[in-house]
Amino acid sequence: MAISLKDAHSQFTEYLASRKRARATIVAYGKDIEQLIAFLTNMGKKTISEVSRDELDAYLTKLASDNYTPKSVSRKINSIKTFFRFLKASAIITSDPAIEIEHPKYEVKPPRILSKIEYRALRDACRGDARIYAIVELFLQTGVRIGELANLTTDDINGTGLHIAAQESHAERSVPLNKAGKEALERYLSARSRDAQSKSLFITKTGRPLLIRNIRTAIDRYFRIAGIEGAKVNDLRHTFIAHHLMAGTPITTLSKLVGHKRLSPTERYLEL
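This one's a predicted model, so the numbers in the text were calculated from it and none came from an experiment.

Draft legend 1. Representation of the pairing of strand β2 (residues 173-176) within the structure. Here β2 shows a clear split, with Arg173 and Val175 buried on one side and none of Ser174 and Pro176 buried on the other. Alignment of strand β1 (residues 161-164) against β2, held across 4 bridges, turns out to be antiparallel. Across the sheet, the residue bridging to His163 is Ser174, located in β2.

Draft legend 2. Structural view of helix α1 (residues 5-18). In a regular helix each residue adds 1.5 Å, so 14 residues correspond to 20 Å; α1 covers 20 Å between its end C-alpha atoms and thus fits that length. All of the buried residues in α1 are Leu5, Ala8, His9, Phe12 and Leu16. Buried residues in α1, looked at end-on, bunch into an arc of 100°, giving them a common side. For α1, the exposed residues set more than 90 degrees away from the buried face come down to Lys6, Glu14 and Ser18. Phi turns positive one or two residues past the end of α1, at Lys20, with a value near 60°.

Draft legend 3. Representation of the side chain of Ser198 in the model. Summarising the element assignment, Ser198 is placed in the loop between α8 (179-191) and α9 (212-226). Owing to a relative accessible area of 18%, Ser198 belongs among the buried residues under this scheme. At 3.0 Å, the side chain of Ser198 forms a polar contact with the backbone nitrogen of Ser200.

Draft legend 4. Up close: the pattern of salt bridges. Taken as a whole and assessed by the stated rule, the structure comprises 12 salt bridges. Residue Asp32 pairs with Lys76 through a salt bridge whose shortest N-O separation is 3.0 Å. Of this pair, Asp32 sits in helix α2 (residues 23-42) while Lys76 sits in helix α4 (residues 70-89); the two residues are 44 residues apart in sequence, bridging distant segments of the chain. Like Asp32, the residue Lys76 is buried in the burial classification. A salt bridge links Arg127 to Asp124; the shortest N-O distance between them is 2.9 Å. Through salt bridges with shared partners, a single ionic network connects Asp32, Arg75 and Lys76.

Calculation criteria
Residues numbered from 1 in each chain as written. Predicted model: local features only at pLDDT ≥ 70, side-chain atom pairs only at ≥ 80, totals over all residues. Heavy atoms only, no water. Buried < 20%, exposed > 50% of the residue type's maximum accessible area, 1.4 Å probe, protein only. Helix = DSSP H or I, 4+ residues; strand = E, 2+ residues; numbered from the N terminus. Pairing = 2+ DSSP bridges. Expected span 1.5 Å × (residues − 1). Arc of directions from axis to C-beta. Polar contact = N/O pair within 3.5 Å; in protein donor to acceptor, adjacent residues only side chain to side chain. Salt bridge = Lys/Arg side-chain N within 4 Å of Asp/Glu carboxyl O.

Right, here's the structure in full:
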């Protein structure tokens, strides 16, 4: 029996959740497929088995005409390929219309590394905001991923540093925290509502967990205040890695600190 486009979407998001994919990944893939399904519905398609390569090509053409960048289109293709791979593996469809879709080529820019003057300016800009200052300091002093930071709980703080829980394909690890990081965290915790019921470390004024998008928005604002151009939140992690390499930290030690499975991702920073 052919299932509807909506049901295929629901089963896909349930599958992602069952595989313990990160919440941000589930949301991103879900929205990408929701956008695709809206397009297919407008084309008159009702069931997932009606979808062929022609419809997918028409959708990708529309994305290009709507001025999506090649990088954004490539990310949506990842979602589409994962979606149809799941449907084929689950015997919901008999053939995969997305299997031969190729990713557009685009230039991968090298990571943005903040200079000492820049990250000091960022610290100064957000010093009056204990929560964001602690977040910036944790990025700069530990190199954690934004998803890892958003998932931190009050139980993840210990005497020597932070416990980073396993997430997606990333294994759990312990990250040491230096004096600057500890002081920023202690200052935030002293200002954090004692009545907060959430176990999340970073919370909103109403006590709800601070989401990844909230963190991005806040730090982007402080980048602007500090006069730092062309930088994103992930560049704080890049800065941690690059500056440690320049300071002579052994690459094997650094790779473990930042949660790289292999040395090759860390070695790429040596070219900078």
